[in-house]
Amino acid sequence: MTIRLFKLLLKLVDLSGKSTEVDLLVDSNEVEIVNDRTKDSFDYSKYKNDITGALKKLSYKGYIEFAKEDYRFKLTYNGVHIASSVWESIIIPAIVSIITTLIVLFIDGLSF
């Protein structure tokens, strides 16, 4: 996932209130995505040229699900909990790798 796509997904998570039950609506006239429940919105003008492709990619990866209506979608469980999956798949292995490296360097330093 690109950084830009990840940032878009995080904005969608904030807009949904971290809920999988909220419909989000893409309003192409206003260049915004609107929370149907609270009417909060997210201005996606900087993503304007590729918002459709970005949403399709998020759908393909299982982060959002489109409703039967063209411009409505909901976040999935994976979409809402993206931060925890990034933590588990990137941050924790990096920390373990650093600790392992330090242990090996310490043990190697003792053998001289």
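Structure first, text after, so check above.
This one's a predicted model, so the numbers in the text were calculated from it and none came from an experiment.

A.B. asks: Explain the side chain of T76 here, please?
C.D. replies: One can find T76 in the loop between β5 (72-75) and α3 (77-80). With relative accessibility at 12%, the residue T76 sits in the buried group.

A.B. asks: Explanation requested: the nonpolar core in the structure shown.
C.D. replies: Side chains of a nonpolar character, in soluble globular proteins, are inclined to be buried together. L8, L12, I33, L55, L58 and F73 are the most contacted members of the largest nonpolar core, which has 22 residues in total. Going through the elements one at a time, α1 (3-16), β1 (24-27), α2 (51-60) and β5 are the ones with two or more residues in this core. A total of 6 residues in this core trace back to one element, the largest contributor, which is α1.

A.B. asks: I would appreciate a short explanation of the environment of K74 in the present structure.
C.D. replies: Structurally, K74 is set in strand β5. For K74, a relative accessible area of 30% puts it in the partly exposed group. Between the C-alpha atom of K74 and that of V22, which follows or precedes it by 52 residues, the distance is 6.1 Å. Among all residues touching K74, those that are not within four sequence positions of it are T20, E21, V22, D23, Y63, I64 and E65.

A.B. asks: Teacher, can you tell me more about α1 here?
C.D. replies: Along an α-helix, residues three or four positions apart point the same way, because every turn accommodates 3.6 residues. Spanning 14 residues, α1 covers 20 Å between terminal C-alpha atoms, matching the ideal 20 Å at 1.5 Å per step. Every buried residue of α1 is accounted for by L5, L8, L9, L12, V13, L15 and S16. Projected onto a plane normal to the axis of α1, the buried residues spread over an arc of 165 degrees and lie on a single side. Across from the buried face of α1, at angles greater than 90 degrees, the exposed residues are I3 and D14. Of the residues trailing α1, G17 is marked for its positive phi of about 70 degrees.

The rules behind these values
Residues numbered from 1 in each chain as written. Predicted model: local features only at pLDDT ≥ 70, side-chain atom pairs only at ≥ 80, totals over all residues. Heavy atoms only, no water. Helix = DSSP H or I, 4+ residues; strand = E, 2+ residues; numbered from the N terminus. Buried < 20%, exposed > 50% of the residue type's maximum accessible area, 1.4 Å probe, protein only. Core = buried A, V, L, I, M, F, W, Y, C linked by side-chain atoms within 4.5 Å. Contact = heavy atoms within 4.5 Å. Expected span 1.5 Å × (residues − 1). Arc of directions from axis to C-beta.

Purely geometric stuff here, so don't read any function into it on its own.
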